[in-house]
There are 2 protein chains.
Amino acid sequence: MNIVLLSGGSGKRLWPLSNDIRSKQFIKIFKTPEGERESMVQRVYRQIKKIDGDAKVTIATSKTQVSAIHNQLGESVGISVEPCRRDTFPAIALATAYLHDVQGVGEDESVVVCPVDPYVNDDYFKALRRLDAQAAKGEANLVLMGIEPTHPSEKYGYIIPKSTDETSFVSTFKEKPDVETAKRYIAQGALWNGGVFAYRLGYVLRKAHELIDFTDYEDLFAKYDTLTKISFDYAVVEREDKIQVQRFSGEWKDIGTWNTLTEAMDEPVLGNAVLDRCENVYVVNELNLPIVCMGLKDVIVSASSDGILVSDAESSSRIKPIVDKLDQQIMFAEKSWGSFRVLDVQPGSMTILATVKAGQHMNYHSHEHRDEVWNIMSGSGRVIVDGMERPVKPGDVITMQAGCRHTILADTELKVLELQLGREISVHDKRKFELEY
Amino acid sequence: MNIVLLSGGSGKRLWPLSNDIRSKQFIKIFKTPEGERESMVQRVYRQIKKIDGDAKVTIATSKTQVSAIHNQLGESVGISVEPCRRDTFPAIALATAYLHDVQGVGEDESVVVCPVDPYVNDDYFKALRRLDAQAAKGEANLVLMGIEPTHPSEKYGYIIPKSTDETSFVSTFKEKPDVETAKRYIAQGALWNGGVFAYRLGYVLRKAHELIDFTDYEDLFAKYDTLTKISFDYAVVEREDKIQVQRFSGEWKDIGTWNTLTEAMDEPVLGNAVLDRCENVYVVNELNLPIVCMGLKDVIVSASSDGILVSDAESSSRIKPIVDKLDQQIMFAEKSWGSFRVLDVQPGSMTILATVKAGQHMNYHSHEHRDEVWNIMSGSGRVIVDGMERPVKPGDVITMQAGCRHTILADTELKVLELQLGREISVHDKRKFELEY
């Protein structure tokens, strides 16, 4: 099975766990059957591989997520990198061209597309295989998954099938309705449109060439920023007559808000927290500090390096505009070489804890407006400062004046305490160089 | 006026703001008329000095609070240091001997004793002057403040006066009653015993000599740890016949729990926090992270380097046993030379931000089991390492191996990032030396 997982943009709806550079799909909020913590993207990937060990998984995403994806899924997963955000039609066209030109998938092979963040069980992935098999038959150009509604939701578009068969041609599509309209649709046998569908590769490639002037994947990639923002639903689905829907009645949760996320949690507390006489209280604590909750009901508490949220369950869906107003510094980020965490900010200085993974290294870079001091906390490796390489071990100190080129290479995992000193400390004050060695 | 402020022990009832080494009276939770933040002890001291600029203030407290008191009140305040905790009779006896032998207060002068942590306004301090004046008259050996009850509280002892006059002899004392009994007391004209009283110095000094075998202040100090724990109420007040009470009907709050503390706050938020559609919600945030509260009612949120509390207002009084169970590392402390904050703890390392006040210096010390690295972040001063002194400025790095003696002296306020490296990192691993220079 060829499967494209659409890994959407960053967002603040799960603040303080998600932010401008850290998307909800990478938060390790679930548990594997072995009791390890895993993220949405890890869960979905594990579930796919369980149902189809040979599945060729490609993640369609933006540049900013590439490090996190490799950190969480390893190097073997395919990634179709969108140079910028251009909505789902360009993204699916690019991923399809990537499958064809880079991965060598044939035009007659079918491809399944689904979001990276549903909270589902194995039934869902079995349904994806049926979707894949149905697309392969070629009866229709597109085969959609139609999710059996559990309530008259206003959050989803609806698909009206022509029959009540498990697989049926589509009669029509309906935009997100109000509750009363939704009730009428459901009475007509309507299904939710969860943005999951399958097609034969050649079909979408032809649609792409119809709408976009390009030769191959590389060309499409190069001109990606010139493309018009348009959704796949609008550009393709709603204009297609030969379109089928397959019913899916298994468990399906769309984890977009704190309220739905906590419903999917296996236990009320993740991280260091004590609950005393609490009812329906969930805590996700990424800080190294205990949280004590007493006498609360229907409350969500979450703490990370970005901040602390305390919200009643209902209100948590209103978080975005409130958090948008916070003037936030990025306090934690995953990088290709590891991660960093801001420990302290003072006028004229910033203190960072950097973790460099074994075998990885930072870019070779310099800063114009700040000096830096590295204190090696643990691990072993090498630093290169202005071209000079030397080994480092715990307790070693490396001082780098503004302008000096430097990098650190980890032989074993390195933890480095970095003190930045300067009047203007900014992530933008960075010049990168090639490593010559 | 000679006034002794009893500064009680540390406690966790206002966790995470108070802990084993940081008492509630030092938390800067109030505002001065000029809008600066101040602690309970600073507020009380400022209020005393406003009513009586010449008041001789002595704080009776334990060794652990001396640094915090000097940091907050300056060097001119008198401190009677209890070598260990022995309840209020030994503490008041020691403070009285201190006033007599160290401060030169005469036996006929009157002394007022009151707790350091009431939340009161200027009326209270005017009442203390009346108490002082009444004690000076010598009509009674002790003059107590009797607080007009506002409700039949179970939290206080009651004083039954002989008459309804403003100053009256005491008929009898009653232990903390249940609500129904309290109602009966109040119907009889009973007053709350807030632990505030005045006496002529010689009286308590004689009581002390009756009960304890000592010569003078130094001798009492030396044998303090051998004294029996006994309260002043039990040892003196309840056995004294010549005892008067003065009515006080002004504002008086006993700030012992989060619930009463938040009632005394001038505004719902201290620190970085946003409240959205909240009702009766109080936030005290000492962290450098935003707190977002949404849709909450009657909730108290507090965050410090020690942890995060989220509690409904009622439940907050139950905090102590819960927090007692947390295995807590001290994350922040005020020292005589400044303060320190733990930024990070890893296996084999600990990172600390130390602030050394201008003109101050750490003890000259060494560690047996850890190396340390100092990174100067800001300020200027000098370090002494194994007897060698040299000046330091921002960006300088000082490495100290286990066993090496070191200290840092601040010419201007110094901020120092300290990395501790070693398998066993403990506050107890410290040897102090005399500075020879």
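Since we're looking at a predicted model, the values are computed, not measured. (Residues numbered from 1 in each chain as written. Chains lettered and ligands numbered in written order. Predicted model: local features only at pLDDT ≥ 70, side-chain atom pairs only at ≥ 80, totals over all residues. Heavy atoms only, no water.)

A. A look at the interface of chain A and chain B. On the chain B side, the residues contacting the 52 residues of chain A number 52 residues. Of the roughly 4100 Å² buried between chain A and chain B on both sides combined, carbon and sulfur atoms contribute 71%. Area buried by chain A at its contact with chain B is led by Met294, Ile308 and Val310 of chain A, which between them contribute 17% of it. Taken together, the links from chain A to chain B amount to 2 salt bridges. (Contact = heavy atoms within 4.5 Å. Buried area = accessible area lost by both parts, 1.4 Å probe. Salt bridge = Lys/Arg side-chain N within 4 Å of Asp/Glu carboxyl O.)

B. Spatial organisation of the sheet that holds strand β29 (residues 414–421) of chain A. All names here are of chain A. If you walk across this open sheet you meet the 6 strands as β20-β21-β22-β29-β24-β27, and the pairing is antiparallel. Only two strands of the sheet have a single neighbouring strand rather than two, namely β20 (332–335) and β27 (397–400). Between one strand axis and the next, the sheet turns through 20° on average, direction left out of account. The sheet contact formed by strand β24 (residues 371–378) and β29 spans 7 bridges and is antiparallel. Bridge assignment links tryptophan 374 to a residue of β29, and that residue is glutamate 418. Strand contacts of helix α2 (residues 66–73): β20 and β21 (338–346), with the helix running at about 75° to β20, the strand carrying the most contacts. (Pairing = 2+ DSSP bridges. Helix = DSSP H or I, 4+ residues; strand = E, 2+ residues; numbered from the N terminus. Axes fitted to C-alpha atoms, helices over the stretch in contact; angles between N-to-C directions.)

C. Structural detail: the side chain of asparagine 2 of chain B. Residue and element names in this part refer to chain B. Within the fold, asparagine 2 resides in strand β1 (residues 2–6). A distance of 3.1 Å separates the side chain of asparagine 2 from the side chain of glutamate 109, its partner in a polar contact. Setting aside anything within four residues of it in sequence, one finds asparagine 2 in contact with Lys56, Val105, Glu109, Ser110, Val111 and Val112. (Polar contact = N/O pair within 3.5 Å; in protein donor to acceptor, adjacent residues only side chain to side chain.)

D. Representation of the environment of isoleucine 319 of chain B within the structure. With respect to the element layout, isoleucine 319 of chain B can be found in helix α10 (residues 319–324). On a C-alpha basis, the gap between isoleucine 319 of chain B and leucine 14 of chain B in space is 8.0 Å, while along the polypeptide they are 305 residues apart. The contacts of isoleucine 319 of chain B, once residues within four sequence positions are left out, are Met294 of chain A together with Lys12, Arg13, Trp15 and Leu309 of chain B.

E. Looking closely at unusual backbone geometry. Residues and elements named next belong to chain A. For the bond running from tryptophan 15 to proline 16, omega is 5°, close enough to zero to count as cis. Note on placement: proline 16 falls in the loop between β1 (2–6) and β2 (28–31). Unlike most non-glycine residues, aspartate 87 shows phi in positive territory, near 70°. Position of aspartate 87 among the secondary structure elements: in the loop between β5 (78–82) and α3 (88–101). The partly exposed category is assigned to aspartate 87, whose relative accessible area is 38%. At aspartate 298, a residue that is not glycine, the phi angle is positive and equals roughly 55°. Mapped onto the elements, aspartate 298 comes out in the loop between β17 (291–294) and β18 (299–304). (Buried < 20%, exposed > 50% of the residue type's maximum accessible area, 1.4 Å probe, protein only.)

F. The pattern of salt bridges, seen in detail. Evaluated as defined, the whole model comprises 36 salt bridges over all chains. Residue lysine 393 of chain A pairs with aspartate 396 of chain A through a salt bridge whose shortest N-O separation is 3.2 Å. Across the pair lysine 50 of chain B and aspartate 122 of chain B runs a salt bridge, and its minimum N-O distance is 2.4 Å. Of this pair, lysine 50 of chain B sits in helix α1 (residues 40–51) while aspartate 122 of chain B sits in helix α4 (residues 122–137), and the two are 72 residues apart along the sequence. Note on lysine 50 of chain B: relative accessible area 57%, which makes it exposed. Each of Lys12, Lys320 and Asp324 of chain A takes part in one network of salt bridges that share partners.

G. Summary view of the packing of helix α3 (residues 88–101) of chain B against helix α6 (residues 201–211) of chain B. Residue and element names in this part refer to chain B. The contact between α3 and α6 brings their axes to 9 Å, and the two run at 125°. With respect to each other, α3 and α6 are oriented oblique. When the axes of α3 and α6 are compared, the crossing they make is left-handed. For the pair α3 and α6, the contacting residues are Phe89, Ile92, Ala93, Thr96, Ala97, Leu99 and His100 in the first and Leu201, Val204, Leu205, Lys207, Ala208 and Leu211 in the second. Of the residues contributing to the contact of α3 with α6, the split by class is 10 nonpolar, 2 polar and 1 charged. (Parallel < 35°, antiparallel > 145°, perpendicular 65-115°, else oblique. Left-handed = near helix turned anticlockwise from the far one by under 90°. Nonpolar A, V, L, I, M, F, W, Y, C, P; charged D, E, K, R; others polar.)

H. Summary view of the nonpolar core. The biggest cluster of nonpolar side chains holds 43 residues, and the ones touching the most others in it are Leu5, Val57, Tyr124, Leu128 and Met145 of chain A. Among the elements that take part in this core, helix α4 (residues 122–137) of chain A stands out by supplying 6 residues, more than any other. Dropping the residues within four chain positions of it, methionine 145 of chain A is found in contact with Tyr124, Ala127, Leu128, Leu131, Ile159, Trp192, Gly194, Val196, Val245, Gln246 and Phe248 of chain A. Listed in part, the 42 residues of the second largest apolar core include Val41, Val44, Val81 and Val116 of chain B. (Core = buried A, V, L, I, M, F, W, Y, C linked by side-chain atoms within 4.5 Å.)

I. Representation of the packing of aromatic side chains. Scanning the entire structure with this criterion turns up 26 aromatic pairs over all chains. For the ring pair tyrosine 124 of chain A and phenylalanine 125 of chain A, a centre distance of 5.1 Å and an interplane angle of 85° mean the geometry is edge-to-face. A ring pair is formed by phenylalanine 30 of chain B and tyrosine 119 of chain B, whose centres lie 4.9 Å apart and whose planes are at 40°; its orientation type is tilted. Residue phenylalanine 30 of chain B is located in strand β2 (residues 28–31), and its partner tyrosine 119 of chain B is located in strand β7 (residues 118–120); the two are separated by 89 residues in the primary sequence. In this pair, the class of phenylalanine 30 of chain B matches that of tyrosine 119 of chain B, namely buried. Through a chain of ring-to-ring contacts, the aromatic side chains of Phe89, Phe197, Tyr199 and Phe232 of chain A assemble into a single cluster. (Phe/Tyr/Trp six-rings, centres within 6.5 Å; stacked < 30°, edge-to-face > 60°.)

J. Quick peek at the relation of the copies chain A and chain B. Turning chain A through 180° and shifting it by 0.0 Å along the axis lays it on chain B, with an RMSD of 0.1 Å. Overall, the copies show the geometry of a two-fold rotation axis. Closest to the rotation axis within chain A is the C-alpha of leucine 343 of chain A, separated from it by 3.0 Å. Taken as a fraction of all interface residues of chain A, those also at the interface in chain B reach 100%, which identifies the copy contact as same-surface. (Least-squares fit on C-alpha atoms with pLDDT ≥ 70 in both.)

K. Up close: helix α5 (residues 179–187) of chain A. Residue and element names in this part refer to chain A. Among the residues of α5, Thr181, Ala182 and Tyr185 are the ones counted as buried. Each buried residue of α5 sits inside an arc of 100° when the element is viewed along its axis, so together they form one side. Exposed residues pointing more than 90 degrees away from the buried face of α5 are listed as Glu180, Arg184 and Ala187. Buried residues in α5 make contact with β9 (157–161) and β10 (167–174). (Arc of directions from axis to C-beta.)

L. Region of interest: the environment of glutamine 25 of chain B. All names here are of chain B. The topology assignment puts glutamine 25 in the loop between β1 and β2. Glutamine 25 gets classed as buried once you look at its relative accessible area, which sits at 1%. Sequence-wise, glutamine 25 and glycine 379 are 354 residues apart; in three dimensions their C-alpha atoms are separated by 30 Å. Setting aside its immediate chain neighbours within four residues, glutamine 25 contacts Ser7, Gly8, Ser39, Met40, Val41, Gln65, Gln72 and Val116. A distance of 2.8 Å separates the side chain of glutamine 25 from the side chain of serine 7, its partner in a polar contact.

M. Here's a closer look at the side chain of glutamine 244 of chain A. Residue and element names in this part refer to chain A. Note on placement: glutamine 244 falls in strand β12 (residues 243–248). Classification of glutamine 244 as buried rests on a relative accessible area of 2%. Looking at glutamine 244, its side chain comes within polar contact range of the side chain of glutamine 134, at 2.9 Å. Once residues lying within four places of it in the same chain are set aside, the contact partners of glutamine 244 are Gln134, Glu139, Ala140, Leu142, Val143, Leu144, Thr167, Ser168, Phe169 and Val170.

N. Region of interest: the sheet that holds strand β24 (residues 371–378) of chain B. All names here are of chain B. Here 6 strands make up an open sheet; going across it, the order is β20-β21-β22-β29-β24-β27 and the pairing antiparallel. For this open sheet the edge positions go to β20 (332–335) and β27 (397–400), each flanked by a neighbour on one side alone. Across the sheet, the mean angle separating the axes of adjacent strands is 20° when strand polarity is ignored. Pairing geometry for strand β21 (residues 338–346) and strand β22 (residues 349–356), over 8 bridges, is antiparallel. When the sheet's bridge partners are listed, phenylalanine 340 is paired in β22 with alanine 354.

O. Focus on α6 of chain B. Within α6 of chain B, burial applies to Leu201, Gly202, Tyr203, Val204, Leu205 and Ala208 of chain B. Tucked inside the fold, the buried residues of α6 of chain B contact α3, β6 (110–115), β8 (142–147), β11 (191–200) and α8 (232–235) of chain B.

Function-wise, these values are silent; they only describe arrangement.
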